[in-house]
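# Per-entry structural report
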Amino acid sequence: MRKKIVAGNWKMNLNRKAAFQLIETIDSLKFSNNVEVIIAPPSIYLESFLGKVKNFNISSQDVSANDNGAYTGEFSAAMLSSLSLKYSIVGHSERRLYHGETEEMIFNKAKQLLKSNMSPIYCCGELLEDRKSENHFKVVASQLQPLLDNLNSDELEKFIIAYEPVWAIGTGLTAKPSDAQDMHSYIRALIKEKFSSSIADQISIIYGGSCKPDNAKELFSMEDVDGGLIGGASLDADSFSAIINSF
Ligand code: PGA
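Heads up: these notes are all about the structure in this document.

As a further point, take the overall build of the chain. The helix and strand tally for the chain stands at 12 helices and eight strands. On C-alpha atoms alone, the chain measures out to a radius of gyration of 17 Å, which is about the 18 Å that the 2.2 N^0.38 rule sets for 247 residues. Projected onto the principal axes, the alpha-carbon positions of the chain cover approximately 45 × 45 × 35 Å. Pairs at least 24 residues apart make up 71% of the contacts formed inside the chain by residues separated by at least 6 positions. A total of about 11,500 Å² of accessible surface is found on the chain, and carbon and sulfur atoms cover 48% of it. If you average the places of the 25 positive and of the 31 negative side-chain charges in the chain, the two averages end up 4 Å apart.

Rendered as structure tokens:
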């Protein structure tokens, strides 16, 4: 059975007081046992949240592609792992667009996480023009190619894949559940072809892009959609818990 996962990506939101209030509220909520909940706060709060929460995991929003050294402002996978963090998002479209992250850098970040025994939440997803020109499958396949070509199955098993069509992120435009399903099953087929059905069946593929309480149930009911990566709606405890309870 694949893990069902709802991960909240707070991005660069919430001052210290609001962040602590939200984390305490979410930690006091009751979630269904079979959903793994993850929250990725701004990195400045990571360490202080770690000792506080009982009911979910904390993730980083990013990690350096390098081991250590003269990389001002960055932090390494080894540092995250020394805090006992299990997860980091990599390859979010905002990092690709605003920080010029390339496929190679993103893959190197994932490799750093593996080296520190952490799990990458690996984002992929097409731009609006890719979908309009019907190149969306091709684009997502090329984003996943480094994983398919260079990892062994033990490494790939550690991944959570997040399909996030860029045109749906923060726009209120959600992918149709059937379109999300088509892409998720395509991703699973790529993994099956390169590895095996048992590996493909095991990897959680979550959807992100304007996932809200009113569309989560339908999205999560799709066979290959194993949960969500939630931006805006994860900043409100009621919305986030409604999404978690949408399975
Ligand atoms: P959104 O963001 O839910 O606000 O669209 C999703 C994401 O960027 O992970």
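So, on to the pattern of salt bridges. With the rule as written, the count across this model stands at 17 salt bridges. A salt bridge links Glu126 to Arg131; its shortest N-O distance comes to 2.7 Å. Measuring nitrogen to oxygen at the nearest pair gives 3.3 Å for the salt bridge that ties Asp149 to Lys194. Of this pair, Asp149 sits in helix α7 (residues 136-150) while Lys194 sits in helix α9 (residues 177-194), and the two are 45 residues apart along the sequence. By relative accessible area, which is 44% here, Asp149 ends up partly exposed. Here the salt bridges do not stand alone but share partners, grouping Arg2, Arg188, Asp224 and Asp226 into one network.

Reading around the circumference, β1-β2-β3-β4-β5-β6-β7-β8 is the order of the eight strands in this closed barrel, with parallel pairing throughout. Recorded for the sheet is a direction-independent mean angle of 25° between the axes of neighbouring strands. In the sheet, strand β3 (residues 57-60) pairs with strand β4 (residues 87-90) via two bridges, with the strands oriented parallel. Residue pairing for β4: Ser59 is matched across the bridge by Tyr87.

Applying the stated rule across the entire model yields zero disulfides. Of all cysteine sulfurs in the structure, the one in Cys124 sits closest to Cys123, which takes part in no disulfide; the separation is 7.6 Å. Overall, Cys123 belongs to the buried group, its relative accessible area being 2%. Looking at Cys211, it has no disulfide partner, and the nearest cysteine sulfur is the one in Cys123, 14 Å off.

Definitions and cut-offs
Residues numbered from 1 in each chain as written. Predicted model: local features only at pLDDT ≥ 70, side-chain atom pairs only at ≥ 80, totals over all residues. Heavy atoms only, no water. Helix = DSSP H or I, 4+ residues; strand = E, 2+ residues; numbered from the N terminus. Rg over C-alpha atoms; globule rule 2.2 N^0.38 Å. Contact = heavy atoms within 4.5 Å. Areas by Shrake-Rupley, 256 points an atom, 1.4 Å probe, with all protein chains shown as cover. Lys, Arg positive; Asp, Glu negative; His and termini not counted. Charge placed at Lys NZ, Arg CZ, Asp CG, Glu CD. Salt bridge = Lys/Arg side-chain N within 4 Å of Asp/Glu carboxyl O. Buried < 20%, exposed > 50% of the residue type's maximum accessible area, 1.4 Å probe, protein only. Pairing = 2+ DSSP bridges. Axes fitted to C-alpha atoms, helices over the stretch in contact; angles between N-to-C directions. Disulfide = S-S within 2.5 Å.

None of this, on its own, says anything about what the molecule does.
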